[in-house]
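Report on the structure
These are the residues of each chain, in order.
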Amino acid sequence: MANKTPELDKMRTNVGTGNRTRTFGVKKPARLGTAENPAVVNVQSEARFKEVAATLEEHGWKYRIALEPEKPEDVSDLQRLLNPVRPIRAEKKVGRNEPCPCGSGKKSKHCRDH
């Protein structure tokens, strides 16, 4: 029996980005304020319409504004664009053999004061 090395092309799988989106069934959403995902805003008055449109154009964001006096105002997309969510950074934990931060001088694992 002879040992044959299989061709690498037959062993490889097609794992491109396009293939991954079909595999998991989820496409990454476009950034808010772009042509693919414009900000959607509802306002009640003409003055507010002009104010919101000026703010969105000042930053270069794509948007859709609806002037509907009978519906409540919804500017949540504008708020999300103006105040983006920042990731929360976890503080570094005290190691078990390091001195306790309370100042007792004991190791953190033996200190009962903190």
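What counts as what
Residues numbered from 1 in each chain as written. Predicted model: local features only at pLDDT ≥ 70, side-chain atom pairs only at ≥ 80, totals over all residues. Heavy atoms only, no water. Helix = DSSP H or I, 4+ residues; strand = E, 2+ residues; numbered from the N terminus. Contact = heavy atoms within 4.5 Å. Pairing = 2+ DSSP bridges. Right-handed = clockwise from strand over helix to strand, strands pointing away. Core = buried A, V, L, I, M, F, W, Y, C linked by side-chain atoms within 4.5 Å. Buried < 20%, exposed > 50% of the residue type's maximum accessible area, 1.4 Å probe, protein only. Polar contact = N/O pair within 3.5 Å; in protein donor to acceptor, adjacent residues only side chain to side chain. Salt bridge = Lys/Arg side-chain N within 4 Å of Asp/Glu carboxyl O. pLDDT = per-residue confidence, 0-100.

1. Quick notes on the overall build of the protein
Scanning the protein from N- to C-terminus turns up four helices and two strands. Shown N-terminal to C-terminal, the secondary structure of the protein runs as helices and strands in the order α-α-β-α-β-α. Once local pairs closer than 6 in sequence are excluded, the contacts in the protein between residues at least 24 apart make up 44%.

2. What about the pairing of strand S2 (residues 63-67)?
Judged from the five bridges that link them, strand S1 (residues 39-43) and S2 form a sheet pairing that is parallel. Counted as the bridge partner of Val40 is Arg64 from S2. Chirality of the crossover, the property in question, places the unit of S1, helix H3 (residues 46-59) and S2 among those that are right-handed.

3. Considering the nonpolar core
Within the largest apolar cluster, twelve residues are counted, these being Leu32, Ala39, Val41, Val43, Val52, Ala53, Leu56, Trp61, Ile65, Val75, Leu78 and Leu81. Only S1, H3 and helix H4 (76-82) provide two or more residues apiece to this core. Each residue touching Leu81, except ones within four places of it in the same chain, is listed here: Leu32, Gly33, Ala39, Leu56 and Trp61.

4. Focus: the side chain of Asp77
Here Asp77 lies in helix H4. Here Arg80 takes part through its side chain, which lies 2.9 Å from a polar atom of the side chain of Asp77. The contact partners of Asp77, leaving out residues within four places of it in the chain, are Leu32, Pro38, Ala39 and Val40.

5. Overview of the pattern of salt bridges
A full pass over the atoms with the stated rule returns four salt bridges. A salt bridge links Glu51 to Arg48, with the nearest nitrogen and oxygen atoms 3.1 Å apart. Residue Glu51 and its partner Arg48 are located together in helix H3, separated by three residues, close to a single helical turn. Residue Glu51 is classed as partly exposed on the basis of its relative accessible area of 46%. Owing to a relative accessible area of 22%, Arg48 belongs among the partly exposed residues under this scheme.

6. Thoughts on the confidence of the model for the protein
Within the protein, residue pLDDT values average 81, and 75% of them lie at 70 or more. Of all the helices and strands in the protein, helix H1 (residues 8-11) carries the lowest mean pLDDT, 50, while H3 carries the highest, 95.

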